[in-house]
Amino acid sequence: MAERPVADITVPSQDPKEKKKEEDKKLDTKANGVKDEEEELSEEDAQLKSELEMLVERLKELNTDLYRPALETLRTLIRTSTSSMTSVPKPLKFLRPHYPGLQELFETWPASENKSLFADILSVLAMTYSDTEPRGTLRYRLLSASLLPPTSKISEPGSWGHEYVRHLAAELGEEYTIRQEGEEAVPLPAAEADSDVPKSKPAPVPGTIEDLHNLGLECATFFLGHNAEPDAVDLFVELEIVDRIASLVDTNTFGRVCAYMDRCVMLLPPPDDVTFLRTIHKIYLQFSKFPEALGVAIRLNDAALIRQDFNASGNPIMRKQLAFLLARAQIPIEWLKASASDDPDADAEDEFPEDILDCLSNTQLSRHFKDFGKEVGVADPKSLEDVYKSHLETTRSGLSANVDSARANLAGTFVNAFVNAGFGNDKLMVEAEEGSSWVYKNKDHGMMSAAASLGLGLLWDTDVGLSHIDRYTYSPEEWIKAGAFLATGLLNAGVRTEADAALALLAEHVENKSVPLKIAAIMGLGVAYAGSHREDLLTLLLPAVADDGVSMEIAALSALALGFVFVGSGNGEITSTILQTLMERDDKALDEKWGRFMALGLALLYVGLQDASDATLETLKAIQHPISRQAQILVEVCSFVATGNVLRVQRLLHLCGEHLDALKEKEQAESAEGKKDENKDEKKEDKKPDDTFQSFAVLGIAMIAMGEDIGAEMSMRQFNHLMHYGDPIIRKSVPLALGLISASNPQLPVLDTLSKYSHDHDLAVALNAIFAMGLVGAGTNNARLAQMLRQLAGYYYKEPDCLFMVRIAQGLVHMGKGTIGINPFFSDRNIMSRPAVAGLLATIMAFTDAKAFVLDKYHWMLYFLVTAMYPRFLITLDENLESKPVTVRVGQAVDVVGQAGKPRTISGFQTHQTPVRLGTTERAELATEEFIPYAHVLEGFVILQKNPGWEKEDTMQM
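Residues numbered from 1 in each chain as written. Predicted model: local features only at pLDDT ≥ 70, side-chain atom pairs only at ≥ 80, totals over all residues. Heavy atoms only, no water.

1. Things to note about the environment of Arg244
Of note, Arg244 is situated in the loop between helix 11 (229-239) and helix 12 (254-265). The class of Arg244 is partly exposed, set by a relative accessible area of 27%. Taking the C-alpha atoms as reference points, Arg244 and Thr279, separated by 35 residues in sequence, lie 8.4 Å from one another. Excluding residues within four positions of it along the chain, Arg244 makes contact with Glu210, His213, Asn214, Leu217 and Phe236. (Helix = DSSP H or I, 4+ residues; strand = E, 2+ residues; numbered from the N terminus. Buried < 20%, exposed > 50% of the residue type's maximum accessible area, 1.4 Å probe, protein only. Contact = heavy atoms within 4.5 Å.)

2. Observations regarding empty space enclosed by the protein
Overall, the coordinates contain five cavities of 30 Å³ or more when judged by the stated rule. Of the pockets and cavities examined, the largest cavity occupies roughly 100 Å³. Lining the largest cavity are 14 residues, and of these Asn301, Ala329, Gln330, Ile331 and Arg834 lie nearest its centre. Split into classes, the residues belonging to the lining of the largest cavity amount to eight nonpolar, five polar and one charged. (1 Å grid on protein atoms, 1.4 Å probe; cavity = no way out; pocket = protein on both sides within 12 Å on 5 of 7 lines; lining within 4 Å. Points joined across faces, edges and corners; volume = space filled by probe spheres on them. Nonpolar A, V, L, I, M, F, W, Y, C, P; charged D, E, K, R; others polar.)

3. Overview of the sheet that holds strand 5 (residues 873-877)
In spatial order, the strands read 8-5-11-10; together these four strands make up an open sheet with mixed pairing. In the strand order of this sheet, the two ends are held by strand 8 (916-917) and strand 10 (931-933), each with one partner. Here strand 5 runs beside strand 11 (residues 940-946); their pairing, made up of four bridges, is parallel. Counterpart to Leu874 in the pairing with strand 11 is Gly940. Contacting strand 5 and strand 11, helix 16 (residues 316-329) crosses the sheet at an angle of about 165 degrees to strand 11. The strands that helix 18 (residues 365-376) touches are strand 5, strand 8 and strand 11; relative to strand 5, the one it contacts most, it runs at about 105 degrees. (Pairing = 2+ DSSP bridges. Axes fitted to C-alpha atoms, helices over the stretch in contact; angles between N-to-C directions.)

4. Points about the sheet that holds strand 6 (residues 887-893)
The three strands are arranged 7-6-9 in an open sheet whose pairing can be described as antiparallel. The open sheet is flanked by strand 7 (906-913) and strand 9 (922-926), the only strands paired with a single partner. When strand polarity is set aside, the average angle formed by the axes of neighbouring strands in this sheet is 30 degrees. Direction of pairing for strand 6 relative to strand 7: antiparallel, over a ladder of six bridges. In the strand pairing of strand 7, Ala893 is matched with Ile906.

5. Considering the environment of Gly821
Mapped onto the elements, Gly821 comes out in strand 1 (residues 820-821). With relative accessibility at 3%, the residue Gly821 sits in the buried group. With 46 residues separating them in the primary sequence, Gly821 and Leu775 have C-alpha atoms 9.3 Å apart. Apart from the residues lying within four places of it in its own chain, the contact partners of Gly821 are Ser744, Ala778, Ala868, Met869, Tyr870 and Arg872.

6. Observations concerning the pairing of strand 6
Here five bridges tie strand 6 to strand 9, and the two strands are oriented antiparallel to one another. Opposite Arg889, over in strand 9, you have Glu925 as the bridge partner.

7. Notes on unusual backbone geometry
In the segment running from Thr914 into Pro915, the intervening peptide bond is cis, with an omega of 0 degrees. Secondary-structure assignment places Pro915 in the loop between strand 7 and strand 8. The phi dihedral of Ala642 is positive, around 60 degrees, even though this residue is not glycine. Residue position: Ala642 is located in the loop between helix 32 (626-639) and helix 33 (646-656). The backbone phi angle of Asn781 is positive, close to 55 degrees, even though this residue is not glycine. Its location among the elements puts Asn781 in the loop between helix 40 (763-776) and helix 41 (783-795). Here Asn781 falls in the partly exposed class, since its relative accessible area comes to 32%.

8. Some thoughts on helix 39 (residues 748-757)
Within helix 39 the residues assigned to the buried category are Val750, Leu751, Thr753, Leu754, Ser755 and Tyr757. Residues of helix 39 that are buried make contact with helix 37 (709-725), helix 38 (728-741), helix 40 and helix 41.

9. Quick notes on the side chain of Arg328
Counting through the fold element by element, Arg328 comes out in helix 16. It is Glu939 that comes nearest to the buried, bridge-free Arg328 among opposite-charge side chains, at 5.7 Å. Apart from residues no more than four positions distant in its own chain, Arg328 is found in contact with Asn823, Phe826, Ser833 and Tyr870. (Lys, Arg positive; Asp, Glu negative; His and termini not counted. Salt bridge = Lys/Arg side-chain N within 4 Å of Asp/Glu carboxyl O.)

10. Brief notes about the packing of helix 14 (residues 290-300) against helix 15 (residues 303-312)
Where helix 14 meets helix 15, the closest approach of the two axes is 9 Å, and the angle between their N-to-C directions is 165 degrees. Classified by the interaxial angle, the pair formed by helix 14 and helix 15 is roughly antiparallel. For the crossing formed where helix 14 meets helix 15, the hand is left-handed. Along its contact with helix 14, which presents Phe290, Ala293, Leu294, Ala297, Ile298 and Leu300, the element helix 15 presents Leu305, Ile306, Asp309 and Ala312. Taken together, the residues that form the contact of helix 14 with helix 15 break down as nine nonpolar, no polar and one charged. (Parallel < 35°, antiparallel > 145°, perpendicular 65-115°, else oblique. Left-handed = near helix turned anticlockwise from the far one by under 90°.)

11. Details of the environment of Pro97
Among the secondary structure elements, Pro97 is positioned in the loop between helix 4 (90-95) and helix 5 (99-108). Residues Pro97 and Thr128, 31 residues apart in the sequence, show an inter-C-alpha distance of 10.0 Å.

12. Considerations on the pairing of strand 5
When you tally the buried positions in strand 5, you get five out of five residues, the bulk of the element. Of the two faces of strand 5, the one lined by Phe873, Ile875 and Leu877 and the one lined by Leu874 and Thr876 are each fully buried. With two bridges joining them, strand 5 and strand 8 adopt antiparallel strand pairing. Residue Leu874 lies in a different strand from strand 8, and its bridge partner there is Val916.

13. Digging into the packing of aromatic side chains
Summed over the entire model, instances satisfying the criterion amount to 28 aromatic pairs. Judged by centre distance (5.6 Å) and plane angle (55 degrees), the rings of Phe564 and Phe864 are tilted. Here Phe864 lies in the loop between helix 43 (834-847) and strand 4 (870-871) and Phe564 lies in helix 27 (residues 552-565), a separation of 300 residues in the sequence. The burial state of Phe564 is the same as that of Phe864; both residues are buried. An aromatic cluster is present here, built from Phe564, Trp594, Phe597, Phe853, Tyr858, Trp860 and Phe864 joined pairwise through their rings. In this structure, Arg96 packs its charged tip against the face of Tyr129, placed 4.3 Å from the ring centre. Between the NZ or CZ atom of Arg328 and the centre of the ring of Tyr870, over which it lies, the distance is 4.0 Å. (Phe/Tyr/Trp six-rings, centres within 6.5 Å; stacked < 30°, edge-to-face > 60°. Lys NZ or Arg CZ within 6 Å of the ring centre and 35° of its normal.)

14. Some thoughts on the side chain of Gln610
On the secondary structure map, Gln610 appears in the loop between helix 30 (595-604) and helix 31 (614-621). Within the structure, Gln610 has its side chain in polar contact with the side chain of Asp273 (distance 3.1 Å). When near neighbours in sequence (up to four residues on either side) are disregarded, Gln610 contacts Pro270, Asp273, Ser639, Phe640 and Thr643. (Polar contact = N/O pair within 3.5 Å; in protein donor to acceptor, adjacent residues only side chain to side chain.)

15. As for helix 3 (residues 67-80)
Over its 14 residues, helix 3 runs 20 Å from end to end, which matches the ideal 20 Å to within 8%, given 1.5 Å per residue. At its buried positions, helix 3 is contacted by helix 2 (43-60), helix 4 and helix 6 (113-125). (Expected span 1.5 Å × (residues − 1).)

The following block contains the structure:
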């Protein structure tokens, strides 16, 4: 077969044509300095690019007549270029290379209207150069405004689009900071790393501060019109003109602006937070939102504002609703009456109508609470066994006989009091026959707590309550009599009556010779009138604080009672008296365990007053005794309670970090040999009071962080560290701090942590952890917690102290059969009740040294919790204040601040008929629009109004 002919073809390694093309490309790039994009550009884009380049050329020509049309066309092209959100608009992309040239050209033009328009366009182009030339957008914008003749007006910033306004707003904030604090205040742009120094020095921005403010107002107006309320508020914060936002909001935006500002308050340093609250208040009043405005006034603790808001509404039903809010916050009624100095014509309108006084005094609370109990099905009294459920405990029978019965009965007293609180029908005390009352099952000081528990069982029911307590006031047994006095005080907690029974019955006994009676009368008055700022109590109780002749115990408790009554008032007279006493008392008296309560009495006067306590703190520094340090910490944390103030928390953490024993040993090692023995004795003596301040510092962290969730979460981590590395006194206080930060709010992480601490090898830690479990679950009936406590009852069956505490915690968890909580925040957890904080803090203070107080004969201090106890219900009323059942949805509250649209404010809801119980983190909303609520938050008592537009819809459906 003949061979096929084969052609020889030489194949080069690379395509020669391509090679040439690449070389061309390289040359091209070098020549142009810009990569040639002709290949990738579509026909449309290429046309746009050439058109823009032609316009730029026009501006460089000498014929000035061409400038105006060229600039107009440029403006139109830039404005009409629509592109996706993610990419740079085409005209800006194509004009970027020409920007430096245009800048130079701009400088050569004479001032004219054309130059103003040119500056406006350069301002937009400067956005693409913001990394190398900071604040160019702002500079050209202000130049453009300054070059215009007075007759014509510059275009709105919004006409260039949203991105431009945001850019401008960011640069405004930067420029303002620089003008206030100098160049160093703002970080330099990234391109600063270049060696070319003169180029990086940004050109100065023209215009005054006022110009910046005016431009800020224009930008904010645009933001508010385009659902960007947070941006508007942030811009005003940076320009420090937040109060001006009130003039820009309208009916559609004010709600969102106020909600966002409200969320910011926690994150602002003082005094900005107060400015914010006052601005929110002003906006709410502007739109006649009285309940919201009053809520803000209560947070500001400003008597004049509260009075103004309360009297602002002409609608008598709205005033009743406001009165319910004031009663819940326990605002002194005297604040609402104009003083003669403010308004000489005020006498005529001094007395409130009967129904409004009823709402203000909480007189109907007891009746509604009992009805609520019936509706929810918990009206029947619970026995101790119902709470303990000891058949479920894991104890081995027959072994618990060694727990003394007096201790068990005492625990029973408290459990019965807390569980059946407010229902007035418990079997052990109220309903018991004359001889078989539970009081006689206790010994000595136990009788006092038992008799006092009557006040808790009949809580808020002043009419029936006094007749029940009365029979014990004539008892020959001193302790029972003292308990009856305390019961009188507890009964009236948070309720004001015409009769003023507590004052009438207890005032004469403040001077009693017998110590138990005297103490009971003093503390009874303190609890009954917590937060009322009553001047007549000042004259009654103050002498005991100043009197050197009385024991430290009575002086300290009088100071504490005054702290309760004048909580958050900053009263100068009481302050100076307590400071005087702390200075004059000898060291031995100040070393007593009671010193902490005197310091607490002083601190409570400053609850929520922030910087107003500075003078007091300075004075305390002059006292040469460890108590001075304790008092300083207490005053400071009370002043900044629930503000989330980071700097204060850091300072407290610093104090917690000091290891005093280590420091002592170091000092001793350095001191001379001969003094060694003396020093050892000294150490024994003065070590005890010295580290108490650390305990208060730990509690202080919880106090400051408790108002907002993020701070609370961060503090939990710090507590974990303190528990690992802290001294015993700190470890003992951490569980109490956890109890304080999430009172009546049992979240799993907190429960698990406390469960771990409740088995700690240090019994003091375990004891406090058990009590904290009670606080965290107070009034929630939390099943998991109840199970943990039953297990602990089995675990500690041989430890009488711990078992006593487990019982009390069980009582707290079932407080009011699950209807009463002790969380000090209400109205969507926005408003803090000052008396509630005082009660919680005083109770926890007794646990900083449980052996000396609660486990000794001062267990009645547990009743301080009464000022924080309040029913957790939503009761809807009609306009005549009669109960009106409606359908509501109850679910977990969701934070929707700053979210677009109208998202749901609750999640995982269930539909119920009112009255209904609300958990700490729950929120309710009406299921239908048949009624309009007068209140802004559905919580406590809410008055409803029939919606006039509703019936029409009904008839339509028919």
